[in-house]
Amino acid sequence: MGFTQKHLLGIEPLSPLAISEILDLADSYVDLNRRADKHSNALAGLTQINMFFENSTRTQASFELAGKRLGADVMNMAMQASSVKKGETLIDTALTLNAMHPDLLVVRHPQSGAVDLLAQKVTCSVLNAGDGQHEHPTQALLDALTIRRAKGRLHRLSIAICGDVAHSRVARSNILLLGKMENRVRLIGPPTLMPKGIADFGCEVFDDMQEGLQGADVVMMLRLQKERMDGGFIPSEREYYHRYGLDAAKLTAAKEDAIVMHPGPMNRGVEIDGEIADDISRSVIQEQVEMGVAVRMAAMDLLARNRRNRAGQDTGEVSL
Amino acid sequence: MSTVFLQNAHLIDPENGTVDQGNLLIKEGVIAARGAVVSAPGKETRIIDCAGKYLAPGIIDIGVKVCEPGERHKESFKSAGLAAAAGGITTIVTRPDTVPAIDTPETLEFIRRRAMDASIVNVLPMAALTKRREGREMTEIGFLQDAGAVGFTDCDRVVRDVKVLTRALSYARSLGAWVMGHPQDPYLSEGAAVTSGKFATLRGLPGVSPLAERMGVDRDISLIEMTGASYHFDQITTARAVPALARAKSNGLNITAGTSIHHLTLNEFDVAEYRTFFKLKPPLRSEDDRLAIIDALKDGTIDIISSMHTPQDEESKRLPFEEAASGAVGLETLLPAALRLYHGGLLDLPSLFRAMSLNPAKRLGLPAGRLEVGAPADLVLFDPDAPFVLNRFGLLSKSKNTPFDEARMQGKVLRTFVNGNEVYQR
């Protein structure tokens, strides 16, 4: 089965074929985005609302640009500033927006599962732009596209994910996606930043960076999520950098042609050395940003196609 | 008071562990006679043919939350009483975690009056162990006991200050009062929404290690040993808490333990796609834990099954999982859910009613919970095999937050008697 879902809430329900379908379409959008005329009409006439209940500049800009390039009417709502402050519940907000007949809702929320909840209450397609510590599917897809283009394949690679796995929805989505595509995933970080039961996902877990990076094709660094920590996970940033920060010396453990990735925004000198981040022979961090727009275009295009295919069967019923 | 003759029933006797076909005579609110041959009843006697269905001592449910005072829209004494009767529960032992908490003789007096007016089943109130359940100062345990408090508990709030708890336990002991505690390390479990492990990680939800329960058990056992208090663990839900409990019991400490029907019949995976009706406190556990708890119930390490009835309105549940309120209603589903253990071949009927009727009665020092001549005629007549699909909107509780919505269940209550009066008939 390809990508036939109504929503894109996470990587978990996607089949390998669906993932490939999204990536293939995204590839073509990379080409479009590099042309002088970047316009397509795939979403013409459709309304896309970006609801960000959590601060975001990069992801929101990426979604906004993706929608605009496909010809959608895009509206941004900074949810922190509006009704949430007045005590409106998530469901009431959803129902209010639903009454305006949007076609695509792009939602980021600080609570795990909040986007799933919202998707149950609206008639349009919902795209998860990150919910709590649960999933961030478009990030995993853009990482996958970046890897596929850099390495020429997306299977049988050894991929090291380093750092704050516990607080990272990016890590969860990536672990699920890379696992589905038959890669070896190695997780590296202090045990205080490793979630319980993570080895059951088929990953190898290391608390030593040198050991974990051994033979890696891809080194994916995670941001230390200081804002999600209530203290005491690591003794200090300098000790963290010493043990888990990616620098040239540690990178020698990985394969010679290993690429370095980071979902951004980076804490230079905390999880990654500035020089590595800027080394264009190793770092694909800028490509990740470029792929982000293309992947989001592909995902929204496919969701809109699925809606059109479903039209006629869809009764428009909402479960309350 | 009427005389009722219940004939041709299967009588479940939890005390002797037997199920026999026979008759039972209710006179003046108590069981007057029982057995295969009971003398022919007089003219005014109401005769009920039980058609071979099962008659058992009514369920005594320890730890029911009735939301009076404070949140009567969630559950009142009237609705809780009706729901209990429909579930074969003849006595509810209420929790003091209301708004405000039941922590003074005056508030206790209020709910006793309300309960007597409105409830069709027996209501025995518990009171808070510390003022406002804040864990700082003990309540007026003596006055509260005089006013009718049957036990003392801060419910799901753990008294963090060990000194405060030690004093409260010693004081309660001097008055012969028993205390119910929630075994949980309060620091480890802070902010947790599910049990830690693969499922919690997959869903990105904050989890608590199952060992936090054992730490709570260990701490409380030391304090019980220190003070000699009479103590009941409200819910033991993890495998690794059981050996500590068994050891403490074999050392002769005055300890009993309960568990909730939800932890006996559901596991963490039932939360599935963030279904908040499955958010409980403590959270649902692994399947291994669930099976270990059933074993502990079988061998008597765990004494009591409760519904841990916790009504929540739709608004407090229709939220992102972490923000949603904990708890589930259980009065009407306790018996059919417990019968899953019977139909699954895990526990026989007398053992189930030992855990739901006899042992709670013993804990409370009540003469009920038995099918004995002279015991109060608190009875439930039920058909353990009758199948149904639960519809939550058909529940009599004001709140409909059951995890068993649309579940296939077996076991319908046919009649319920409280002190010889029929309070429910299907």
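Treat the numbers as computed from the prediction; the structure is a model and nothing was measured. (Residues numbered from 1 in each chain as written. Chains lettered and ligands numbered in written order. Predicted model: local features only at pLDDT ≥ 70, side-chain atom pairs only at ≥ 80, totals over all residues. Heavy atoms only, no water.)

**Q** Can you help me understand the nonpolar core in this one?
**A** Proteins that are soluble and globular tend to have nonpolar side chains buried together. If you look at the biggest cluster of nonpolar residues, it comprises 98 residues, and the most contacted ones within it are I92, I236, L352, F353 and F382 of chain B. Residues A42, I159, I161 and M261 of chain A belong to the second largest nonpolar core, which totals 67 residues. (Core = buried A, V, L, I, M, F, W, Y, C linked by side-chain atoms within 4.5 Å. Buried < 20%, exposed > 50% of the residue type's maximum accessible area, 1.4 Å probe, protein only.)

**Q** What is the right way to read empty space enclosed by the protein from this model?
**A** Where empty space is left in the structure can be found by rolling a water-sized probe over the atoms. Residue and element names in this part refer to chain B. Counted according to the given criterion, the structure contains 5 cavities of 30 Å³ or more. Here the largest cavity defines a volume of roughly 110 Å³. Contributing to the lining of the largest cavity are 17 residues, with R157, V159, G181, H182 and Y231 lying nearest its centre. Contributing elements (two or more residues each) for the lining of the largest cavity: β10 (178–181) and α6 (211–227). For the lining of the largest cavity, the leading source of residues is β10, giving 3 residues. In the lining of the largest cavity, the residues fall into 9 nonpolar, 4 polar and 4 charged. Considering the residues around the second largest cavity, the lining is formed by A193, V194, T195, F199, E268, V271, F278, P283, L284 and F321. Class assignment of the residues belonging to the lining of the second largest cavity gives a composition of 8 nonpolar, 1 polar and 1 charged. (1 Å grid on protein atoms, 1.4 Å probe; cavity = no way out; pocket = protein on both sides within 12 Å on 5 of 7 lines; lining within 4 Å. Points joined across faces, edges and corners; volume = space filled by probe spheres on them. Helix = DSSP H or I, 4+ residues; strand = E, 2+ residues; numbered from the N terminus. Nonpolar A, V, L, I, M, F, W, Y, C, P; charged D, E, K, R; others polar.)

**Q** Before we go on, may I ask you to explain the packing of α6 of chain B against helix α7 (residues 242–250) of chain B in this structure?
**A** In a packed pair of helices, the relevant descriptors are the angle between the two axes and the axis-to-axis distance. All names here are of chain B. Two elements in contact, α6 and α7, have axes whose closest approach is 9 Å; the angle formed by their N-to-C orientations is 15°. Relative to α7, the element α6 lies roughly parallel. Handedness of the crossing formed by α6 with α7: left-handed. For the pair formed by α6 and α7, the contact residues are R214, V217, D218 and I221 on the first element and A244, L245 and A248 on the second. (Axes fitted to C-alpha atoms, helices over the stretch in contact; angles between N-to-C directions. Parallel < 35°, antiparallel > 145°, perpendicular 65-115°, else oblique. Left-handed = near helix turned anticlockwise from the far one by under 90°. Contact = heavy atoms within 4.5 Å.)

**Q** Mind showing me how you'd approach the sheet that holds strand β14 (residues 255–260) of chain B here?
**A** Strand-to-strand pairing in sheets goes through backbone hydrogen bonds, with the strands running parallel or antiparallel. All names here are of chain B. With parallel pairing, 5 strands are arranged side by side in an open sheet as β9-β10-β13-β14-β15. On the outer flanks of this sheet lie β9 (152–153) and β15 (304–306), each paired with one strand and no other. As defined by bridge partners, β10 adjoins strand β13 (residues 230–233) across 4 bridges and the pair is classed as parallel. Pairing of G181 across the sheet is with F233, part of β13. (Pairing = 2+ DSSP bridges.)

**Q** Whenever I open this one, the confidence of the model for chain B confuses me. Can you help?
**A** Predicted coordinates in regions of low pLDDT should not be interpreted in detail. In the predicted model, chain B carries a mean pLDDT of 96, and the fraction of residues at 70 or more is 99%. Predicted as a complex, the structure gets a pTM of 0.92 and an ipTM equal to 0.88. (pLDDT = per-residue confidence, 0-100.)

**Q** Sorry, what's going on with the interface of chain B and chain A here?
**A** As a measure of interface size, the accessible area lost when the parts come together is often cited. Contacts between chain B and chain A engage 16 residues on the former and 24 residues on the latter. If you sort the residues of chain B by the area they bury against chain A, T201, L202 and R318 of chain B come out on top, with a joint share of 35%. Between E12 of chain A and R203 of chain B there is a salt bridge; the shortest N-O distance is 3.0 Å. The tally of links from chain B across to chain A stands at 6 residue pairs in polar contact (both at pLDDT 80 or more). For the side of chain B that touches chain A, the residue count by class is 6 nonpolar, 4 polar and 6 charged. (Buried area = accessible area lost by both parts, 1.4 Å probe. Salt bridge = Lys/Arg side-chain N within 4 Å of Asp/Glu carboxyl O. Polar contact = N/O pair within 3.5 Å; in protein donor to acceptor, adjacent residues only side chain to side chain.)

**Q** Would you mind going over the sheet that holds strand β8 (residues 122–125) of chain B with me for this structure?
**A** All names here are of chain B. In space, the 3 strands of this open sheet follow the order β6-β7-β8, with parallel pairing throughout. The sheet is open, and its two borders are formed by β6 (59–64) and β8, each paired with just one other strand. When strand polarity is set aside, the average angle formed by the axes of neighbouring strands in this sheet is 20°. The pairing of strand β7 (residues 89–94) with β8 spans 4 bridges and is classified as parallel. Within β8, the position partnered with I92 by the bridge is V123. Lying on the sheet, helix α12 (residues 349–364) is in contact with β6, β7 and β8; it crosses β6 at an angle near 70°.

**Q** Explain a nonpolar patch on the surface here, please?
**A** The grouping of L82, I120 and L396 of chain B at the surface amounts to a nonpolar patch, some 220 Å² of accessible area in total. Inspection of the secondary structure assignment puts L396 of chain B in the loop between β16 (379–389) and β17 (408–418). (Patch = residues over 30% accessible without salt bridge, like charges linked within 9 Å, V, L, I, M, F, W, Y side chains within 5 Å. Areas by Shrake-Rupley, 256 points an atom, 1.4 Å probe, with all protein chains shown as cover.)

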